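Architecture at a glance
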Amino acid sequence: QGIVIWAPTRANNLILGNQIGMNLPSNPSPNYSFGIELVGGTRSVVGGTTTAERNILLADQTFTMVVSSDHNIILGNDFGLKPDGTAAQRQSNTHIWVRGYRPIIQGNRMAYAVERAVMSNEGMDAILRRNVVYSNGVAGYASDGLSTRD
């Protein structure tokens, strides 16, 4: 497990500048569970607009990130890539699983997932903007509840 925010009353968290699923010096050693799991943590921000704020996330499980709480922002992160931008050897099936309402997923690089970059449950109304999505096994986005605005 990487980072888990479980308490439903915890809001407005910042998760910035982490290398999750990496060992030093920047070699892939993916978590055998989720990289980040937001079960609580409504209105959390994961990543940011600068290189120092981005998170580098690798996981060797079904999902790299699970977003089960509402109104979160996933911004400027690298999924499935080492810090130098090359592919990691072991990957999750899906980088982001959206289970919470109305997340904004913007400006991320999502590559080399076994199946897809983002998956969403019906009615979650996720907003996807300006992501770079490539070299995923099956699809970039798969859902009944995504509002893709790339």
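Criteria and cut-off values
Residues numbered from 1 in each chain as written. Predicted model: local features only at pLDDT ≥ 70, side-chain atom pairs only at ≥ 80, totals over all residues. Heavy atoms only, no water. Helix = DSSP H or I, 4+ residues; strand = E, 2+ residues; numbered from the N terminus. Buried < 20%, exposed > 50% of the residue type's maximum accessible area, 1.4 Å probe, protein only. Contact = heavy atoms within 4.5 Å. Areas by Shrake-Rupley, 256 points an atom, 1.4 Å probe, with all protein chains shown as cover. Phe/Tyr/Trp six-rings, centres within 6.5 Å; stacked < 30°, edge-to-face > 60°. Pairing = 2+ DSSP bridges. Salt bridge = Lys/Arg side-chain N within 4 Å of Asp/Glu carboxyl O. Polar contact = N/O pair within 3.5 Å; in protein donor to acceptor, adjacent residues only side chain to side chain. pLDDT = per-residue confidence, 0-100. Core = buried A, V, L, I, M, F, W, Y, C linked by side-chain atoms within 4.5 Å.

1. Section: the overall build of the protein chain
Secondary structure assignment for the protein chain yields zero helices and 19 strands. In the protein chain, which comprises 150 residues, the share counted as buried stands at 47%. Considering only contacts within the protein chain whose residues lie at least 6 apart along the sequence, 59% involve residues at least 24 apart. Put simply, the protein chain shows about 6,800 Å² of open surface, and 47% of that area lies on carbon and sulfur atoms.

2. As for the packing of aromatic side chains
Aromatic ring pairs: the centre-centre distance and the angle between the two ring planes describe each pair. Going through the model one piece at a time under the given rule, you end up with two aromatic pairs. With a centroid separation of 4.5 Å and an interplanar angle of 25 degrees, the aromatic rings of F63 and W97 are classed as stacked. Taken as a pair, F63 in strand β9 (residues 63-67) and W97 in strand β12 (residues 94-98) lie far apart in primary sequence, 34 residues in all. Overall, the relative accessible area of 18% leaves W97 in the buried class. Arranged with centres 5.8 Å apart and planes meeting at 80 degrees, the rings of Y112 and Y134 form a pair that is edge-to-face. Of this pair, Y112 sits in the loop between β14 (109-111) and β15 (116-120) while Y134 sits in strand β17 (residues 132-134); the two residues are 22 residues apart in sequence, bridging distant segments of the chain. Given a relative accessible area of 31%, Y112 falls into the partly exposed group.

3. Observations concerning the sheet that holds β14
Pairing is parallel in the open sheet, where five strands are placed in the order β3-β8-β11-β14-β17. Among the strands making up the open sheet, the edge pair consists of β3 (19-20) and β17. In the sheet, β14 pairs with β17 via three bridges, with the strands oriented parallel. Paired with M110 across the strands is V133, a residue of β17.

4. Topic: the pattern of salt bridges
Scanning the entire structure with this criterion turns up four salt bridges. Its salt-bridge partner being R54, residue D78 comes within 2.5 Å of it at the nearest N-O pair. Pair noted here: D78 is in strand β11 (residues 78-79) and R54 is in the loop between β7 (45-47) and β8 (56-57), with a separation of 24 residues, a long-range link. The residues D78 and R54 share a single accessibility class, namely buried. The salt bridge involving D78 is made with R109; its shortest N-O contact spans 2.8 Å. Here the residue D78 occupies a position in strand β11, and R109 occupies one in strand β14, the gap between them amounting to 31 residues. The class of R109 is partly exposed, set by a relative accessible area of 28%. A network of salt bridges, in which partner residues are shared, links R54, D78 and R109.

5. With respect to the side chain of N72
Topologically, N72 is positioned in the loop between β9 and β10 (73-75). Here the side chain of N72 touches S69 through a polar contact of 2.9 Å, side chain to side chain.

6. Some words on the confidence of the model for the protein chain
For any part of a model where pLDDT is low, the fine detail of the predicted coordinates should not be relied upon. Counting all residues, the mean pLDDT for the protein chain is 83, and 84% of those residues have values of 70 or more. Counting contacts from residues 145-150, a segment whose pLDDT is below 50, to residues more than four positions away or on other chains yields 28 contacts.

7. Some words on the nonpolar core
Counting residues in hydrophobic clusters, the biggest one holds 20 residues, and the most contacted among them are I36, M65, I74, I96, I105 and V118. Secondary structure elements with two or more residues in this core: β6 (36-38), β9, β12, β15 and β16 (126-129). When sequence neighbours within four positions are dropped, the list of residues in contact with I74 reads V46, M65, V67, F79, I96, I104, I105, Q106 and N108.

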